[in-house]
Amino acid sequence: MTTPSHPHTHTSARTVAIISQKGGAGKTTLAIHLAAAATRAGRISLLIDTDPQASASQWAEWRQGAPPEVIDSAPPRIPAKIAAAAQQGAELIVIDTPPHADLAASKAADCADLVLIPCRPSAFDLAAMRTTIRLVELLARPAFVVFTAGPPQAPHIYADARELVAGFGGQTCPIILPDRAAYRHAVAAGQTVFELDPGGKAANEIEQLHMWACEQLHMSTFAHERKSA
Amino acid sequence: MNRFANLADRTPKDEAEATAPASLSPVVQVPTPPSRVGRKAISGYFAPELSLALHTCARRHGLSLQDLMAEAFDDVLRKYGESPIGR
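Since the model is a prediction, treat every value here as computed from it, not as a measurement.

**Overview of the overall build of chain A**
Turning to step 1, where the next piece is worked out: When helices and strands are tallied, chain A shows 10 helices and 7 strands.
Turning to step 2, where the next piece is worked out: Relative to its length of 229 residues, chain A is compact, with a C-alpha radius of gyration of 16 Å against a globular reference of 17 Å.
Turning to step 3, where the next piece is worked out: Each principal axis of the C-alpha atoms in chain A carries an extent, and together these give about 50 × 45 × 35 Å.
Turning to step 4, where the next piece is worked out: The buried share among the 229 residues of chain A stands at 54%.
Turning to step 5, where the next piece is worked out: Within chain A, contacts between residues at least 6 apart in sequence are counted, and of these 75% link residues at least 24 apart.
Turning to step 6, where the next piece is worked out: Of the accessible surface of chain A, which amounts to about 9600 Å², a share of 55% is contributed by carbon and sulfur atoms.

**Section: the pattern of salt bridges**
Turning to step 1, where the next piece is worked out: One pass over the structure, following the stated rule, counts 9 salt bridges over all chains.
Turning to step 2, where the next piece is worked out: Measuring nitrogen to oxygen at the nearest pair gives 2.8 Å for the salt bridge that ties A:Glu195 to A:Arg63. Separated by 132 residues along the polypeptide, A:Glu195 in helix α8 (residues 193–196) and A:Arg63 in helix α2 (residues 55–63) bring together distant segments of the chain.
Turning to step 3, where the next piece is worked out: Overall, the relative accessible area of 41% leaves A:Glu195 in the partly exposed class.
Turning to step 4, where the next piece is worked out: Residues B:Asp9 and A:Lys81 are paired through a salt bridge, measuring 2.5 Å at the closest nitrogen-oxygen approach. Of this pair, B:Asp9 sits in the segment before α1 (12–18) while A:Lys81 sits in helix α3 (residues 78–87), which puts the two residues in different chains.
Turning to step 5, where the next piece is worked out: In this structure, a network of salt bridges that share partners links the residues A:Arg77, A:Lys81 and B:Asp9.

**Topic: the interface of chain B and chain A**
Turning to step 1, where the next piece is worked out: Taken together, the contacts link 19 residues of chain B with 29 residues of chain A.
Turning to step 2, where the next piece is worked out: In total, chain B and chain A occlude about 2300 Å² of area from one another, counting both sides; carbon and sulfur atoms represent 55% of this.
Turning to step 3, where the next piece is worked out: In terms of surface lost to chain A, no three residues of chain B exceed B:Phe4, B:Leu52 and B:Arg59, which account for 32% of the buried area on that side.
Turning to step 4, where the next piece is worked out: Taken together, the connections running from chain B to chain A amount to 3 salt bridges.
Turning to step 5, where the next piece is worked out: Taken together, the residues that form the side of chain B that touches chain A break down as 7 nonpolar, 6 polar and 6 charged.

**A few points about helix α6 (residues 155–167) of chain A**
Residue and element names in this part refer to chain A.
Turning to step 1, where the next piece is worked out: If you check α6, its first and last C-alpha atoms are 18 Å apart, about what 13 residues at 1.5 Å a residue would give, namely 18 Å.
Turning to step 2, where the next piece is worked out: When we look at burial in α6, the residues that qualify are Tyr 158, Ala 161 and Val 165. Across the axial projection of α6, the buried residues extend over an arc of 60 degrees, all falling on one side. More than 90 degrees from the buried face of α6, the exposed residues found are Pro 155, His 156, Asp 160, Glu 163 and Gly 167.

**Details of the pairing of strand β1 (residues 14–18) of chain A**
All names here are of chain A.
Turning to step 1, where the next piece is worked out: Summarising burial for β1: 4 of the 5 residues are buried, a large majority.
Turning to step 2, where the next piece is worked out: Of the pairings in the sheet, the one linking β1 to strand β4 (residues 92–96) comprises 5 bridges and is parallel in character. From the neighbouring strand, Val 16 faces β4, where its bridge partner is Val 94.

Criteria and thresholds
- Residues numbered from 1 in each chain as written.
- Chains lettered and ligands numbered in written order.
- Predicted model: local features only at pLDDT ≥ 70, side-chain atom pairs only at ≥ 80, totals over all residues.
- Heavy atoms only, no water.
- Helix = DSSP H or I, 4+ residues; strand = E, 2+ residues; numbered from the N terminus.
- Rg over C-alpha atoms; globule rule 2.2 N^0.38 Å.
- Buried < 20%, exposed > 50% of the residue type's maximum accessible area, 1.4 Å probe, protein only.
- Contact = heavy atoms within 4.5 Å.
- Areas by Shrake-Rupley, 256 points an atom, 1.4 Å probe, with all protein chains shown as cover.
- Salt bridge = Lys/Arg side-chain N within 4 Å of Asp/Glu carboxyl O.
- Buried area = accessible area lost by both parts, 1.4 Å probe.
- Nonpolar A, V, L, I, M, F, W, Y, C, P; charged D, E, K, R; others polar.
- Expected span 1.5 Å × (residues − 1).
- Arc of directions from axis to C-beta.
- Pairing = 2+ DSSP bridges.

The structure is reproduced here in structure tokens:
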């Protein structure tokens, strides 16, 4: 039995892996926005794109170098890249993975301080998510299902979905990211929802998710606290 | 704002070469890794759930996927009355 490695425990960088065996759950949208929220809070963030479709990398090209920075990586190189990025000053590293990618998901989760599993609140998606929960359980990483792309006003759906996840032995993130047109418009324009509609609901929900993630990672959520620390 | 550009697998130069016509690309000889010399690849297409189950099983027992598959192939050879080959 091998012990999971922690390649970056000697640095202050924190790593979040976004994994889900099912496509269309909004992995890249979540990854982009989590990295962007960290940048907005004054952190140096890096998004590692392990998806051969390179959606996040394409988005970064559209942004012409505006942060957050995106680099690609083949799955076996993820641990080395995290260690190097931490040495180069990265504070929050987000890893986006493709669906049905056991090696990428496993490598990313293995390196992560926090695993987020975006999932639509639908029966098919929840059933597929069970295998992802098994993977992170095996790697003993703190993992949370984040409900994404569902209807904004449907408390009963989310309550049922939470119950199902609990039945699988999984935990759910208290922040829900419902389907919002702002995500589609922003990403298609090489933007984030913070740039497209800073006062909008999507921006507010992402900000809440970022603050919740910082709490999970034991990171300060305010720039002035970090500077005085 | 390219603090981490040195860590990327693909550089803009690579991208330009990748999109160049094939006839202009030099032929690159990739040496065979020592672990593959004298060996043959066996592959198949399976459900993603089976792939995940094999990866997690290998990891749970501290094995590589290669080790796990070698063990499985030996088991199936025994099952059908053939001699196991081992690695």
